[in-house]
There are 2 protein chains.
Amino acid sequence: MSVLVVGTVAFDSIETPSGSVERVLGGSASYFALGASFFAPVRIVGVIGEDFPQDYLDLFTQRGVDIEGIKRERGETFHWRGRYHEDINVRDTIELHLNVLAGFEPQLPDNYRDAEYVFLGNIDPLMQLEVLNQIRHMKLVICDTMDYWIRESPEELKKVLQRIEMLVINDSEARLLSGYSNIVQAARAILRMGPKMVLIKRGEYGVLQFSDSSVFATPAYPLEEVFDPTGAGDSFAGGLMGQLARSGDLSQGSLRRAIVYGSVVASFTVEDFGVKRLTDTSLPEIEDRYQKFVRLTDFHS
Amino acid sequence: MSVLVVGTVAFDSIETPSGSVERVLGGSASYFALGASFFAPVRIVGVIGEDFPQDYLDLFTQRGVDIEGIKRERGETFHWRGRYHEDINVRDTIELHLNVLAGFEPQLPDNYRDAEYVFLGNIDPLMQLEVLNQIRHMKLVICDTMDYWIRESPEELKKVLQRIEMLVINDSEARLLSGYSNIVQAARAILRMGPKMVLIKRGEYGVLQFSDSSVFATPAYPLEEVFDPTGAGDSFAGGLMGQLARSGDLSQGSLRRAIVYGSVVASFTVEDFGVKRLTDTSLPEIEDRYQKFVRLTDFHS
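Some words on the packing of helix α9 (residues 252-269) of chain A against helix α11 (residues 283-297) of chain A
Residue and element names in this part refer to chain A. Here α9 crosses α11 at 115 degrees, and the two axes come no closer than 9 Å. Classified by the angle between their axes, α9 and α11 sit roughly perpendicular to one another. As α9 packs across α11, the resulting crossing turns out to be right-handed. Side by side, α9 and α11 meet where R257, V260, Y261, S263, V264, V265, S267 and F268 of the first sit next to E285, I286, E287, R289, Y290 and F293 of the second.

And the structure:
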């Protein structure tokens, strides 16, 4: 089963305590697509400018990512510049140039409209709704968002929440969206807004997943070095949804295993700058780290 | 097998966003002893003042805690006053009166000297060494410490570290002790100081345990309400060591299960002020929550 993602395709300029890079491939759709591509064919919807290099497009196609849905517009590609603190969990946005993203109206190619596994990356909730309106019958829709949309477009976001199965969100965003500081209460409040599941990303501390009938908690894979946390959340979601599409199984047990696959994919992402480590790894290496994760968390045997 | 703890027996005055209490039973040895008492007989070594009420001593004996090692001295009992922020992970010490603790020289009753399971609560490393010198042959020594001793008594602390099996420490203390900001590197550096295992407490995010040959990561039990985090870490250590003494099994699998028991005990502790919830619960309730914890973290079935 193939996976559809809509989100940003960007240039990222990143500074971390370990070094810096200029105008590397970034964006929520890019990280998601590469993370999912180990498990399933991926279709990507996004916009780029005239300055976007063919090499980056080739990177997608080499990994089975269908780029027919990437539109090239006149102007420059979306560009984000960020700096991470000594405490790698904290980052500042130094520059943000929307460029061609400003006028983006997602248009799905005809052969994308039967997509069953859909990820709505962190973009304007209005665009997320437009995408949902173009798809015929979805099996699973997962959505991401951020503090900006929670503050600026709460009504549109609420409409999105009523049409998705799972919201993937970090803990501070969950608190902002719900108004609760306790994370369990925050998750319960978000479930009342519509989604059947809410998944709280806690960075290096792992993930909490809530539904009406179940809670799942899992740590993150401990790493000796985190070079660049950019894209961890989106590649996590990519691994999660890719694995679900690969298995075709949406049971609670399968969802939990997919969350662990997502965590494993994200653990590779942060081991180097940008998408470098994510594109250097392989499915056997991911499966191997999944087994390490099993041993890391096992207290039964 | 019985468990020996040395640490503080105190009055705590606590303010949290949920309310406040004055001069309730507190201290590292108290929380540890009560947490361990569900699983094994406990012997406690500490000091109290003339103002310490018989009721609190009775609370210990009713739970199978041998209080022969609690010395009553002239003067007042150690008193801590703290205030928790809206973000319950942050607290300020408002008052700290050492009182009788200032001149404390731990003296083990003769029948304590064959203790096999020993917990050195967070006190002066010199006192921790004195206790070790009075015990004949230990099977397992776990030690706690804090930023104050890491800064003020690094040499004495290093001597302690060479004589224990496991250091239990929170993440900021692990960073301070090791000089590494990455928690995996911090743990590896602490292992090089002597202990065979280091256990990093991350509060609501769970626990990481490191040895030369193994890493174990587990989340904390998610709670809808945290009334008072005081004593969570010490009752965690109590549950951990109590379960190890109950099982008599120091294999890696047994250690991991004991860590989960410790997490479960701590999850009760924080559900009310002081030791209230911890003394209201029962072993069947703990076993029940342990099974919930198994389901919370399971991604195999």
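A few points about the relation of the copies chain B and chain A
The transformation that overlays chain B on chain A combines an axial shift of 0.0 Å with a rotation of 180 degrees, and the residual RMSD is 0.0 Å. Considering both components of the superposition, the chain copies are consistent with a two-fold axis.

As for empty space enclosed by the protein
Scanning the entire structure with this criterion turns up one cavity of 30 Å³ or more. Reported here for the largest cavity is a volume of approximately 90 Å³. Along its surface, the largest cavity is lined by 14 residues, and T297 and F299 of chain A together with T297, D298 and F299 of chain B are the ones closest to its centre. Counting residues per element, the ones that place at least two in the lining of the largest cavity are β13 (215-218) of chain A together with β13 (215-218) of chain B. Classifying every residue of the lining of the largest cavity gives six nonpolar, six polar and two charged.

Looking at the packing of helix α1 (residues 28-36) of chain A against helix α8 (residues 232-247) of chain A
Residue and element names in this part refer to chain A. At a minimum axis separation of 7 Å, α1 and α8 run at an interaxial angle of 40 degrees. Our classification of the angle between α1 and α8 gives oblique. The chirality of how α1 crosses α8 is right-handed. Where α1 abuts α8, its residues S28, Y31, F32, G35 and A36 lie against D234, S235, A237, G238, G239, M241 and G242. Class assignment for the residues of the contact of α1 with α8 results in five nonpolar, six polar and one charged.

Section: the packing of aromatic side chains
Tallied over the entire structure, the rule returns 25 aromatic pairs over all chains. Geometrically, the ring pair formed by Y290 of chain A and F299 of chain B is edge-to-face, given 6.2 Å between the ring centres and 80 degrees between the ring planes. With Y290 of chain A in helix α11 and F299 of chain B in the segment after α11 (283-297), the pair connects residues from two separate chains. Comparing Y290 of chain A with F299 of chain B shows no difference in burial state: the two are buried. Grouped by ring-pair contacts, the aromatic residues F39, F216, Y221, Y261, Y290 and F293 of chain A together with F299 of chain B constitute a single cluster. Over the ring of Y261 of chain A we find R246 of chain A, and its NZ or CZ is 5.4 Å from the ring centre. In this structure, R289 of chain A is placed above the aromatic ring of F268 of chain A, and the distance from its NZ or CZ to the ring centre is 3.8 Å.

Here's the deal with helix α5 (residues 154-161) of chain B
All names here are of chain B. For α5, the set of buried residues is L157, V160 and L161. All buried residues of α5 lie within an arc of 100 degrees about the axis, which places them on one face of the element. The exposed set on the far side of α5, more than 90 degrees from its buried face, consists of E155 and K159. For α5, the elements touching its buried residues are β8 (117-120), α3 (125-133), β9 (140-144), α4 (147-152), β10 (166-170) and α6 (171-178).

Describing the pairing of strand β8 (residues 117-120) of chain A
Residue and element names in this part refer to chain A. Alternating residues of β8 divide into Y117 and F119 and V118 and L120, and every residue in both groups is buried. Where strand β1 (residues 3-6) and β8 come together, four bridges link them in parallel fashion. Within the sheet, the bridge partner assigned to V5 lies in β8 and is F119. In this sheet, strand β9 (residues 140-144) lies alongside β8 in parallel orientation, the contact comprising four bridges. Bridge pairing in β9 places L120 opposite C143. For the handedness criterion, the β-α-β arrangement of β8, helix α3 (residues 125-133) and β9 is classed as right-handed.

Overview of the environment of R83 of chain A
Residue and element names in this part refer to chain A. Structurally, R83 can be placed in strand β6 (residues 79-84). Along the backbone, R83 and S13 are 70 residues apart, and their C-alpha atoms lie at a distance of 8.6 Å. Among residues more than four places away in sequence, those in contact with R83 are E15, V90, R91, D92 and I94. For R83, the side chain forms a polar contact with the side chain of E15, separated by 3.3 Å.

What counts, and where the lines are drawn
- Residues numbered from 1 in each chain as written.
- Chains lettered and ligands numbered in written order.
- Predicted model: local features only at pLDDT ≥ 70, side-chain atom pairs only at ≥ 80, totals over all residues.
- Heavy atoms only, no water.
- Axes fitted to C-alpha atoms, helices over the stretch in contact; angles between N-to-C directions.
- Helix = DSSP H or I, 4+ residues; strand = E, 2+ residues; numbered from the N terminus.
- Parallel < 35°, antiparallel > 145°, perpendicular 65-115°, else oblique.
- Left-handed = near helix turned anticlockwise from the far one by under 90°.
- Contact = heavy atoms within 4.5 Å.
- Least-squares fit on C-alpha atoms with pLDDT ≥ 70 in both.
- 1 Å grid on protein atoms, 1.4 Å probe; cavity = no way out; pocket = protein on both sides within 12 Å on 5 of 7 lines; lining within 4 Å.
- Points joined across faces, edges and corners; volume = space filled by probe spheres on them.
- Nonpolar A, V, L, I, M, F, W, Y, C, P; charged D, E, K, R; others polar.
- Phe/Tyr/Trp six-rings, centres within 6.5 Å; stacked < 30°, edge-to-face > 60°.
- Buried < 20%, exposed > 50% of the residue type's maximum accessible area, 1.4 Å probe, protein only.
- Lys NZ or Arg CZ within 6 Å of the ring centre and 35° of its normal.
- Arc of directions from axis to C-beta.
- Pairing = 2+ DSSP bridges.
- Right-handed = clockwise from strand over helix to strand, strands pointing away.
- Polar contact = N/O pair within 3.5 Å; in protein donor to acceptor, adjacent residues only side chain to side chain.

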